[in-house]
Amino acid sequence: DTAFTPFLADEAETLSMGGQLAAALVPGMVIFLEGDLGAGKTTLTRGILRGLGFTGRVKSPTYTLVEPYTVSNLYLYHFDLYRFSDPSEWEDAGFRDYFNRDSVCLIEWADKAEGLLPAPDWLIRLEPEADGRRLHLTALTQNGTQCLARLAR
Ligand code: ADP
Ligand code: MG
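Everything numeric in this text was worked out from a predicted model, so none of it was measured.

(A) View of the overall build of the protein. Each helix and strand in the protein was counted, giving four helices and eight strands. Going from N to C terminus, the protein has its helices and strands arranged as β-β-α-β-α-β-β-α-β-β-β-α. Expected size for 153 residues packed as a compact globule is a radius of gyration near 15 Å; at 14 Å, the protein falls within 12% of this value. Along the three orthogonal principal directions, the C-alpha set of the protein runs to about 40 × 30 × 30 Å. Going through the 153 residues of the protein one by one, you find that 46% of them count as buried. Across the protein, contacts joining residues at least 24 apart in sequence account for 64% of those joining residues at least 6 apart. Counting every atom, the protein has about 7800 Å² of accessible surface; 47% of that belongs to carbon and sulfur. Distance from the positive charge centre (14 side chains) to the negative charge centre (21 side chains) of the protein: 4 Å.

(B) Region of interest: the coordination of the magnesium ion (ligand 2). Coordination of the magnesium ion (ligand 2) by the protein involves Thr42 (OG1) and Glu108 (OE), with metal-donor separations of 2.2 to 2.3 Å. Highlighted residues: Thr42 in helix α2 (residues 41-52) and Glu108 in strand β6 (residues 103-108), separated in sequence by 66 residues. A single burial state applies to Thr42 and to Glu108, both of which are buried.

(C) Just the nonpolar core, in detail. Ranked by size, the top nonpolar core spans 32 residues in total, and within it Leu21, Ile31, Leu76, Trp122, Ile124 and Leu137 carry the most contacts. Excluding residues within four positions of it along the chain, Ile124 makes contact with Leu21, Ile31, Phe32, Leu33, Glu34, Leu44, Leu135, His136 and Leu137.

(D) Region of the structure containing the packing of helix α1 (residues 11-24) against α2. Look at α1 against α2: their axes get within 7 Å of each other, and the N-to-C directions meet at 50 degrees. By the angle between their axes, α1 is oblique relative to α2. Considering only the axes of α1 and α2, their crossing is right-handed. Contacts from Glu11, Thr14, Leu15, Met17, Gly18, Gly19, Leu21 and Ala22 in α1 reach Thr43, Leu44, Arg46, Gly47, Ile48, Gly51 and Leu52 in α2. For the contact of α1 with α2, the class distribution of residues is seven nonpolar, six polar and two charged.

(E) Fine view of the pattern of salt bridges. Considering all chains together, one arrives at four salt bridges under this definition. The partner of Glu91 in a salt bridge is Arg96, with the nearest N and O atoms 3.2 Å apart. Of the residues examined, Glu91 reaches a relative accessible area of 43% and is grouped as partly exposed. The exposure class assigned to Arg96 is exposed, which follows from its relative accessible area of 54%.

(F) Inspection of the environment of Thr14 at higher detail. Take Thr14: it is sitting in helix α1. Overall, Thr14 belongs to the buried group, its relative accessible area being 5%. Considering only alpha carbons, one finds Thr14 and Thr42, 28 residues apart in sequence, at a separation of 10.0 Å. Those residues in contact with Thr14, other than ones at most four positions away along the chain, are Leu8, Gly40, Thr43 and Leu44.

(G) Spatial organisation of the packing of aromatic side chains. Summed over the entire model, instances satisfying the criterion amount to 12 aromatic pairs. Pairing Tyr77 with Tyr98 gives two aromatic rings, centres 4.4 Å apart and planes at 55 degrees, and the pair type is tilted. Of this pair, Tyr77 sits in strand β5 (residues 74-80) while Tyr98 sits in the loop between α3 (87-92) and β6, and the two are 21 residues apart along the sequence. The class of Tyr77 is buried, set by a relative accessible area of 13%. Between Lys112 and the ring centre of Tyr82, over which it is positioned, the NZ or CZ distance is 5.0 Å.

What counts, and at which threshold
Residues numbered from 1 in each chain as written. Chains lettered and ligands numbered in written order. Predicted model: local features only at pLDDT ≥ 70, side-chain atom pairs only at ≥ 80, totals over all residues. Heavy atoms only, no water. Helix = DSSP H or I, 4+ residues; strand = E, 2+ residues; numbered from the N terminus. Rg over C-alpha atoms; globule rule 2.2 N^0.38 Å. Buried < 20%, exposed > 50% of the residue type's maximum accessible area, 1.4 Å probe, protein only. Contact = heavy atoms within 4.5 Å. Areas by Shrake-Rupley, 256 points an atom, 1.4 Å probe, with all protein chains shown as cover. Lys, Arg positive; Asp, Glu negative; His and termini not counted. Charge placed at Lys NZ, Arg CZ, Asp CG, Glu CD. Donors = N, O, S within 2.8 Å, 3.2 Å for Na, K, Ca; no water. Core = buried A, V, L, I, M, F, W, Y, C linked by side-chain atoms within 4.5 Å. Axes fitted to C-alpha atoms, helices over the stretch in contact; angles between N-to-C directions. Parallel < 35°, antiparallel > 145°, perpendicular 65-115°, else oblique. Left-handed = near helix turned anticlockwise from the far one by under 90°. Nonpolar A, V, L, I, M, F, W, Y, C, P; charged D, E, K, R; others polar. Salt bridge = Lys/Arg side-chain N within 4 Å of Asp/Glu carboxyl O. Phe/Tyr/Trp six-rings, centres within 6.5 Å; stacked < 30°, edge-to-face > 60°. Lys NZ or Arg CZ within 6 Å of the ring centre and 35° of its normal.

Next comes the structure, spelled out in structure tokens:
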């Protein structure tokens, strides 16, 4: 199966789902996070980081575009490209180097950097549903499919 669509009733469930996803991740993965402002993309990222053992503050990189973390023997880069507009900034900032086999990259608003990003292994969409959220995870590569298969369901 290449899709996973759990319902998340509240913020706590989004965080614990992040923990489940963290257990299935491998270095080198690229994950796009889609959904409107307030959908829960940063909350899910916080849950992933908590799941990996990061105890510090997880803030939204809205102005800095990326927040780097070193945790559990891997590099995790959390991008928020909402304010990204100048493609030359991509090279200047060295963002290309963030995508390598030792890092996990989580990207909010990936469409703002279309053509600059590698293809994602997972596409995760969050949508409002009742008082909670519906998560739609789609695996788009062989690696992504293998990682999805490891998810405890
Ligand atoms: P985004 O990064 O997509 O803009 P945030 O994670 O910053 O969104 O904010 C999401 C908001 O929705 C937070 O106020 C959070 O408490 C809330 N939230 C997260 N998950 C859920 C859920 N499953 N059900 C209801 N509210 C949620
Ligand atoms: Mg966010």
